[in-house]
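A structural walkthrough
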Amino acid sequence: MSIFASILRSVYKLSGAKKAFALPEDALRKEIEKQNRHRGVFTPTDRKAYYETIAVNGFPCLIVREHPKPSERAILYFFGGGMVIGPDKGDLPVMRKLCRETGCDVWFPFYPLCMEHCITETYAMVYECYRKMITLYGGGNVSTCGFSSGGALALGIAAHNSAQPEPLPQPRHIVAVSPGEVPWNDAEKARMQALNERDVSIDYAFMVTVKKFMRHGCENVPDYMLSGSRGDFTGVGDIHFFYSADEVLYGALPDFEEACKRANVPYTVSARPKMVHCYCMLPIFKEAKEDFAKIVDILKK
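Residues numbered from 1 in each chain as written. Predicted model: local features only at pLDDT ≥ 70, side-chain atom pairs only at ≥ 80, totals over all residues. Heavy atoms only, no water.

Across its full length, the protein carries 11 helices and eight strands. Since a compact globule built from 301 residues should have a radius of gyration of about 19 Å, the 18 Å found for the protein is in line with a globular shape. For the protein, the spread of C-alpha atoms along the principal axes amounts to about 50 × 45 × 40 Å. Taking the contacts inside the protein whose residues are at least 6 apart along the sequence as the reference set, 78% of them involve residues at least 24 apart. (Helix = DSSP H or I, 4+ residues; strand = E, 2+ residues; numbered from the N terminus. Rg over C-alpha atoms; globule rule 2.2 N^0.38 Å. Contact = heavy atoms within 4.5 Å.)

This is how it looks when you write it as structure tokens:
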């Protein structure tokens, strides 16, 4: 474990950030609203890439390109935040790095958050982004990637596609970094609870509380939108999971593995001990750099 990784883990532990995820529903809602005051839609003003923002189902989607014209392939990239917390400009350097090092355009939807929308609306927006990408780049030329709840959406695109009467071609690759899901069986709940003390970022309690936020008063929500491992990934090129071995969400891995086996989809797992949640999307220290390089190698194939 590198010195920086050790310091980062200590900072998370001392910051008390995890405590917010264990708050009662009303207090948690206030904390989320507070965080979202400084987050949301942004428009890049630098000249480090070519940027375009389009409207999809009434919500913005940022497109990042290395060159003025579209590339041959693209990545649909999702931010995390438990489906309730918005993105910030810190996501932009990672998008540019993915774009530059994979040779792919990167599409970044500012998807509807479940503070004000049902998860079904979130899926409607991101799936329409995917449809537009398949039209532009062609089947087999679009991959999905995301971290935390964004990892859930990266997987969820495939599950949602399988549920359509006339499915689109499935993603070429899916990279899911610490994908979140509402635990749906006793074994998964037990695994997550057992990991809770070792996780310095996310509290198990949030994985239960967030279900109500995601539903947002809607009863008719498909299981796979709440718990991605219940989805059908048939037809996906391959799926790659990246976790800290000491985080609550690592407890969902066996269920995701079973989903891959059911769909006969090849998959890989990388799990490093003592890392913080979604560490590899902060590629500024040894372990994160190494695993981000693996992600790049996957997505540029």
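With 104 residues, the main nonpolar core has Y77, I119 and F233 as its most contacted residues. Looking at this core element by element, the count peaks at 10 residues for helix α5 (residues 119-137). Leaving out residues up to four positions away in the same chain, F233 has contacts with L155, A158, A159, Q170, G228, I239, F256, A259, C260, A263 and V265. (Core = buried A, V, L, I, M, F, W, Y, C linked by side-chain atoms within 4.5 Å. Buried < 20%, exposed > 50% of the residue type's maximum accessible area, 1.4 Å probe, protein only.)

Before going further, it helps to examine the pairing of strand β5 (residues 142-147). Most of β5 is tucked away: six of the six residues are buried. Side chains V142, T144 and G146 project from β5 onto one buried face, and the interleaved S143, C145 and F147 project onto a second face that is buried too. Examined bridge by bridge, strand β3 (residues 74-78) and β5 share five bridges and lie parallel to one another. In the sheet register, A74 faces β5, and the bridge partner there is V142. Where β5 and strand β6 (residues 174-177) come together, four bridges link them in parallel fashion. Pairing of C145 across the sheet is with V175, part of β6. For the crossover from β5 across helix α6 (residues 149-162) to β6, the handedness is right-handed. (Pairing = 2+ DSSP bridges. Right-handed = clockwise from strand over helix to strand, strands pointing away.)

Moving on to the side chain of E181. Along the chain, the position of E181 falls in the loop between β6 and α7 (186-195). Buried charge without a salt bridge: E181, with R191 as the nearest opposite-charge side chain at an N-O distance of 6.9 Å. A distance of 2.9 Å separates the side chain of E181 from the backbone nitrogen of G228, its partner in a polar contact. A distance of 2.8 Å separates a polar side-chain atom of E181 from the backbone nitrogen of S229. (Lys, Arg positive; Asp, Glu negative; His and termini not counted. Salt bridge = Lys/Arg side-chain N within 4 Å of Asp/Glu carboxyl O. Polar contact = N/O pair within 3.5 Å; in protein donor to acceptor, adjacent residues only side chain to side chain.)

Topologically, K212 is positioned in helix α8 (residues 204-215). Residues K212 and C118, 94 residues apart in the sequence, show an inter-C-alpha distance of 9.7 Å. At 3.3 Å, the side chain of K212 and the side chain of E25 are in polar contact.

With that settled, the discussion passes to the packing of helix α4 (residues 91-102) against helix α11 (residues 286-299). In contact at an axis separation of 9 Å, α4 and α11 are set at 50° when each is read in the N-to-C sense. Taken as axis vectors, α4 and α11 run oblique relative to one another. As α4 runs across α11, the sense of the crossing is right-handed. Across the interface between the two elements, V94, K97, L98, E101 and T102 of α4 pack against F292, I295, V296 and L299 of α11. Taken together, the residues of the contact of α4 with α11 sort by class into six nonpolar, one polar and two charged. (Axes fitted to C-alpha atoms, helices over the stretch in contact; angles between N-to-C directions. Parallel < 35°, antiparallel > 145°, perpendicular 65-115°, else oblique. Left-handed = near helix turned anticlockwise from the far one by under 90°. Nonpolar A, V, L, I, M, F, W, Y, C, P; charged D, E, K, R; others polar.)

Looking now at the sheet that holds β3. Strand order in the open sheet formed by eight strands is β1-β2-β4-β3-β5-β6-β7-β8, and the pairing between neighbours is mixed. Lying at the two open borders of the sheet, with one neighbouring strand each, are β1 (50-56) and β8 (267-272). Put simply, the sheet's adjacent strands are angled 15° from each other on average, direction ignored. One ladder, built from four bridges, connects β6 with strand β7 (residues 239-244); its direction is parallel.

α6 packs onto α5 with a crossing angle of 80° between their chain directions and a minimal axis gap of 10 Å. For the element pair α5 / α6, the angle class is roughly perpendicular. Contact residues: T122, Y123, V126, Y127 and Y130 in α5; A152, L153, G156, I157, H160 and N161 in α6.

Let's shift gears to α5. Between its first and last C-alpha atoms α5 spans 27 Å; for 19 residues at 1.5 Å apiece the expected length is 27 Å, and the two agree. Regarding α5, the residues found buried are I119, T122, Y123, M125, V126, Y127, C129, Y130, M133, I134 and Y137. Among the residues trailing α5, G138 stands out with phi positive, at a value near 95°. (Expected span 1.5 Å × (residues − 1).)

On to α6. For an α-helix the count is 3.6 residues per turn, leaving residues at separations of three or four pointing the same way. Between the first and last C-alpha of α6 there are 20 Å, a value that for 14 residues agrees with the 20 Å anticipated at 1.5 Å per step. Remark: the principal bend of α6, roughly 35°, maps to G156. Taken across its 14 residues, α6 has 13 buried, putting it largely inside the fold. (Bend = angle between axes of the 7 residues up to and from the residue.)

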